[in-house]
Amino acid sequence: MLTANRLRDGDVLYRKGDGWVLFLADGDVYPDQASADAALAAANAELVRNEFVAPYLFEVRDAGGKIVPVKEREIVRAAGPTVHRHTGKQAGQVHA
Amino acid sequence: MTRLIKSGAYAQDVYARAADDAPLPEGPVLVSLARFQKERDALLARNTPVGIKLQASENPEALGADVNHFALIALEFPKFRDGRAFSWARMLRTRLGYTGEIRAIGDFLYDQVNYQHRVGFDAWEVPDHFTIEMFNRALTEMTNVYQPSTDGRTTIRQLRAKR
Amino acid sequence: MLNTLIQPPQPNMYRYDEFDAQFVSDRVNQFAGQVARRLSGELTEDQFKPLRLMNGLYLQLHAYMLRIAVPYGTLSSKQMRKLAHLARTYDKGFGHFTTRTNLQFHWIRLVDVPAMLRELADVEMHCIQTSGNCVRNVTADQFAGATDEEIEDPRPLAEIIRQWSSLHPEFVFLARKFKIAVGATEKDRAALQWHDMAVQVVKNAEGRVGYLVMAGGGMGRTPYVAHVMNEFVEREDILAYLEAVLRVYNQDSRRDNIHKQRIKILINTIGPEEMRRRVAREFEELKRMGTLQLPKEELDRITAYFKAPDFETGLSDDMPDAGPDFANWVKTNIHKHKAPGYAIATITLKTPGQVPGDCSAAQMDAIADLMDQYSLGEVRVSHEQNLILPHVRKKDLPAIYAKLKELDFASPNAGLITDIIACPGLDYCDLANARSIPIAQKIAKRFENLDRQHQIGELKIKISGCINACGHHHAGHIGILGVDKKGVEFYQLLLGGSGAEDSSIGTIMGPGFGEHEIADAVERVINVYLAERKAGERFLDTYRRIGMEKFKAAAYQEAAAA
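Residues numbered from 1 in each chain as written. Chains lettered and ligands numbered in written order. Predicted model: local features only at pLDDT ≥ 70, side-chain atom pairs only at ≥ 80, totals over all residues.

Peer 1: Could you give an account of the overall build of chain A, naming the residues involved and the relevant values?
Peer 2: Along the backbone of chain A there are two helices and six strands. Going from the N terminus to the C terminus, chain A shows its helices and strands as β-β-β-α-β-β-β-α. Since a compact globule built from 96 residues should have a radius of gyration of about 12 Å, the 13 Å found for chain A is in line with a globular shape. Principal axes of the C-alpha set define a box for chain A whose edges measure 35 × 35 × 20 Å. Within chain A, buried positions represent 30% of all 96 residues. Long-range contacts, defined as pairs at least 24 residues apart, comprise 42% of the intrachain contacts of chain A with a sequence gap of at least 6. (Helix = DSSP H or I, 4+ residues; strand = E, 2+ residues; numbered from the N terminus. Rg over C-alpha atoms; globule rule 2.2 N^0.38 Å. Buried ≥ 20, exposed ≤ 12 C-beta atoms within 10 Å, placed from the backbone. Contact = placed C-beta atoms within 7 Å.)

Printed below as a string of structure tokens:
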């Protein structure tokens, strides 16, 4: 999948189609390296819009029908801090 | 493309840049330290101004007693994060007593111009879109300064003493 | 909440004059301009990043993080209340005190930062140079001005250094960060030897007060303890000397490999002798130039801001008797004050199970009330992520303790095993490899029995979520470093580090432990200490005497058996 941070508030974004969504579950999963690379290239070309920063690809896996990141970092990034479960996307919070 | 700012206005850059292995053009010429070290006598024998371009890693003390032969010393910022030239400019003005033009070239930000000005730069090679209005604004964003520097600007400590 | 019509006591600390206020105000406007230029695209992210870092603004895992400077760890109640207000208004109702005595907010929006900076400027606070490749926040002993151990209060010099280093035109694009600390006691509570540069107030053989300057300490990938640069710099020469060190660093540091660009690398590459020689050359020149000389009148003028408060006299110096829980708290959290009848009270933000160093807005407001009522309006932040009420009357301690219990900040554990230092780690930080806070919570809960904590005695555990070492793991008696092994969190143990006057670098034990093994491994290590120690030995002392072998064998033995 492809992720970035929104420039104005730093909120975590996930690529969907030509745009971005706030929750990992709603984002696009790229089935192969080629489509993933193409998505990253498209995002990099859009940096000049000054809407988001630092796009990058990360791996996910299918965990019994649910898409979850492979790395702990991306799990935390998608959900929010494990030590403050009442904050972040895990609690449905997003920045305006 | 770039433009030259000197004394708060756009100025004509009369210096031709000469690559290390290119023949020297007529008139004022800007050469690298390496070239100067190789062709010192010939360069100093010219009756047109010679400028020297120093890379960020090149300490101006390498110019030795020749330093005030140069009408221009251009200090390069290879990347705006590399702040060595701030110290080199200051060294030129203080320890080496250099009175000629110190020009900032390369990759630097609008936000660095004020600091450059404070440590002894007096000319800037800027991108085309960099206006004089921007230049003047850069110098006035901070009303007061805490540290003494080569610009001799009154410091906050001095202002306090004057009260 | 105190009646806010009553003027809170004004602590004796530095006060902005019109020049300081203008400076901070100009800086806020400048940054607001930079934010606008970033949002419009006139500045790229690459260009904007160093500019926002020099205003304390990071882009982290979930949002932006703003780091607010708390110079030499000193806050007034007015400032504390402002931090509470900012936490409520712009964040999620809490803040985090750091190992450089600053305060961080973790849920900040870029577009809100100019407004936050304006609010901070209203109470003489800022975020200038709390990050970036420049001189950072100047820190000092959290007991400064209150302890009888010091030659003098180190904070006036820290304030002078703060001003001298603020937007110093030559040094805002250094090769890397540059951290300065100031001390004035033999017991080092500010980890001087771990700083890029540190100044210790000393007396020479004639009894004259001057400054010992050291440089080249640092954590991170390659930890080093500082070398002495000059044993005795005269008072009036100190700024010239510090500038000389910075100039040599700015000129001679590498710029080609970000992992080799701290001053510790330069000094250990060319050798301390050669470094001293280069610095001496610059120093002699600066002294002759004279523009950086620090006149006695100026030092006295700044010192006057920090003069000792008018302490009450005739107070009893007896510690009140207020029950066993209170007595336990006094045992660890109270330090001797220079004025009879007074005490220095440490509020550990380390109740087992809490996030180390975190403080909610409500807790901040309550502490501001305590500051006003009991501590002459003042609090200190320590690099161990605790708060200190520097000037409390002993007779007020029971009331303070009772209030702290309400706040859940009454843990009697200062300096004990549950007084853990931890960086925010992978729960918040973009740089992290592993989470550090849950490990701190786990270990603290495991050892929370107070008898057991006292049985173990002084033990400083420090946890970092990555090699950047913001948790100071190299200086932990037990250090824990989070690492990433194929996306899974592992934790390396280090033993034998110290951040005090006996500074030493912790030794890595071996391969890392999993998240569910690390607390067990720590427990086995402590059991070795308890079995091997001689009378009077702290964990650190026993480790230094017997070495790593037995600890290592115990730590891995059970892990292998599991």
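Peer 1: Break down the sheet that holds strand β1 (residues 2-6) of chain A for me, citing the residues and quoting the values.
Peer 2: Note: strands within a sheet are paired through backbone hydrogen bonds, in either parallel or antiparallel orientation. Residues and elements named next belong to chain A. Spatial strand order, β3-β2-β1-β4: four strands in an open sheet with antiparallel pairing. The two strands at the open ends of the sheet, each matched to only one other strand, are β3 (19-21) and β4 (52-57). Between one strand and the next, the sheet's axes are offset by a mean angle of 40°, whatever the strand orientation. Looking at chain direction, β1 and strand β2 (residues 12-16) are connected through three bridges and run antiparallel. (Pairing = 2+ DSSP bridges. Axes fitted to C-alpha atoms, helices over the stretch in contact; angles between N-to-C directions.)

Peer 1: Give me the lowdown on the domain arrangement of chain C, citing residues and values where you can.
Peer 2: All names here are of chain C. Under the domain assignment used here, chain C contains domain 1 (18-122), domain 2 (154-303), domain 3 (324-407) and domain 4 (425-561). Look at where the C-alpha atoms of domain 2 and domain 4 centre, and you get two points 32 Å apart. In this assembly, 11 residues from domain 2 lie in contact with 11 residues from domain 4. For the side of domain 2 that touches domain 4, the residue count by class is five nonpolar, two polar and four charged. (Domains from an automatic or database assignment. Nonpolar A, V, L, I, M, F, W, Y, C, P; charged D, E, K, R; others polar.)

Peer 1: Report on the interface of chain C and chain B, specifying residues and quantitative values.
Peer 2: It is common to report an interface's size as the accessible area lost on association of the parts. The interface of chain C with chain B comprises 29 residues on the first partner and 28 residues on the second. Tallying contributions element by element places helix α1 (residues 18-40) of chain C first for the side of chain C that touches chain B, with six residues. Each residue belonging to the side of chain C that touches chain B can be placed in one class, and the counts come to 12 nonpolar, 11 polar and six charged.

Peer 1: Run through the environment of Ala327(C), naming residues and quoting values.
Peer 2: Structurally, Ala327(C) is set in helix α10 (residues 324-333). Linking Ala327(C) and Pro114(C), residues 213 residues apart in sequence, is a C-alpha distance of 46 Å.

Peer 1: Could you give an account of the confidence of the model for chain C, naming the residues involved and the relevant values?
Peer 2: For chain C, the mean per-residue pLDDT works out to 96, and 98% of the residues sit at or above 70. Complex prediction metrics read pTM 0.97 and ipTM 0.98. (pLDDT = per-residue confidence, 0-100.)

Peer 1: Account for the packing of helix α3 (residues 77-90) of chain C against helix α4 (residues 113-122) of chain C, with residues named and values stated.
Peer 2: All names here are of chain C. Contact pair α3 / α4: the axes reach a minimum separation of 10 Å and the direction vectors enclose 165°. With respect to their mutual orientation, α3 and α4 come out roughly antiparallel. Where α3 crosses over α4, the handedness of that crossing is right-handed. Here Lys82, Leu86 and Tyr90 of α3 come into contact with α4, specifically with Met116, Glu119 and Leu120. For the contact of α3 with α4, the residue count by class is four nonpolar, no polar and two charged. (Parallel < 35°, antiparallel > 145°, perpendicular 65-115°, else oblique. Left-handed = near helix turned anticlockwise from the far one by under 90°.)

Peer 1: Before we move on, could you go through the interface of chain A and chain C and cite the residues and values that matter?
Peer 2: Facing 23 residues of chain A, the contacting portion of chain C comprises 22 residues. Tallying contributions element by element places helix α2 (residues 72-79) of chain A first for the side of chain A that touches chain C, with four residues. Classifying every residue of the side of chain A that touches chain C by side-chain character gives eight nonpolar, eight polar and seven charged.

Peer 1: Go over the pairing of strand β18 (residues 478-485) of chain C, please, and point to the residues and values.
Peer 2: Residue and element names in this part refer to chain C. The pairing of strand β17 (residues 461-464) with β18 spans four bridges and is classified as parallel. Counted as the bridge partner of Ile463 is Ile480 from β18. Pairing between β18 and strand β19 (residues 488-495): eight bridges, direction antiparallel. The residue of β19 that forms the bridge with Lys485 is Val488. What sits between β18 and β19 in their antiparallel hairpin is a turn of two residues, with Lys486 showing a positive phi close to 55°.

Peer 1: A description of the pairing of strand β8 (residues 123-127) of chain B should follow, citing residues and the corresponding values.
Peer 2: Residue and element names in this part refer to chain B. Strand direction decides the pairing type here: strand β1 (residues 2-6) and β8, joined by five bridges, are antiparallel. When the bridges of β8 are listed, Leu4 appears paired with Glu125. Here strand β7 (residues 101-106) runs beside β8; their pairing, made up of two bridges, is parallel. By the bridge assignment, Arg103 is partnered in β8 with Ala123.

Peer 1: Account for the packing of helix α11 (residues 361-374) of chain C against helix α12 (residues 397-407) of chain C, naming residues and giving values.
Peer 2: Residue and element names in this part refer to chain C. Close contact between α11 and α12 brings their axes to 11 Å; oriented N to C, the two are set at 175°. Comparing their axes, α12 and α11 come out roughly antiparallel. Note on element contacts: α12 touches α11 through Ile400, Lys403 and Leu407, opposite Gln363, Ala366, Leu370 and Tyr374. Here the residues of the contact of α11 with α12 are counted per class, giving five nonpolar, one polar and one charged.

Peer 1: Mind laying out the sheet that holds strand β14 (residues 378-381) of chain C, listing which residues take part and the relevant values?
Peer 2: Residue and element names in this part refer to chain C. With antiparallel pairing, the five strands of this open sheet are ordered in space as β3-β14-β15-β12-β11. Looking at strand neighbours, the two that pair on one side only are β3 (74-76) and β11 (334-336), the edges of this open sheet. Averaged over neighbouring strand pairs, the angle between their axes works out to 30° when direction is ignored. One ladder, built from three bridges, connects β3 with β14; its direction is antiparallel. Within the sheet, the bridge partner assigned to Ser76 lies in β14 and is Glu378.

Peer 1: Explain unusual backbone geometry residue by residue, including any values.
Peer 2: The phi torsion at Ser7(B) lies on the positive side, around 50°, for a residue other than glycine. Position of Ser7(B) relative to the elements: it lies in the loop between β1 and β2 (9-11). For Ser7(B), a count of 7 C-beta atoms within 10 Å puts it in the exposed group. Of note, the phi angle at Lys486(C) is positive, near 55°, even though the residue is not glycine. Note on placement: Lys486(C) falls in the loop between β18 and β19.

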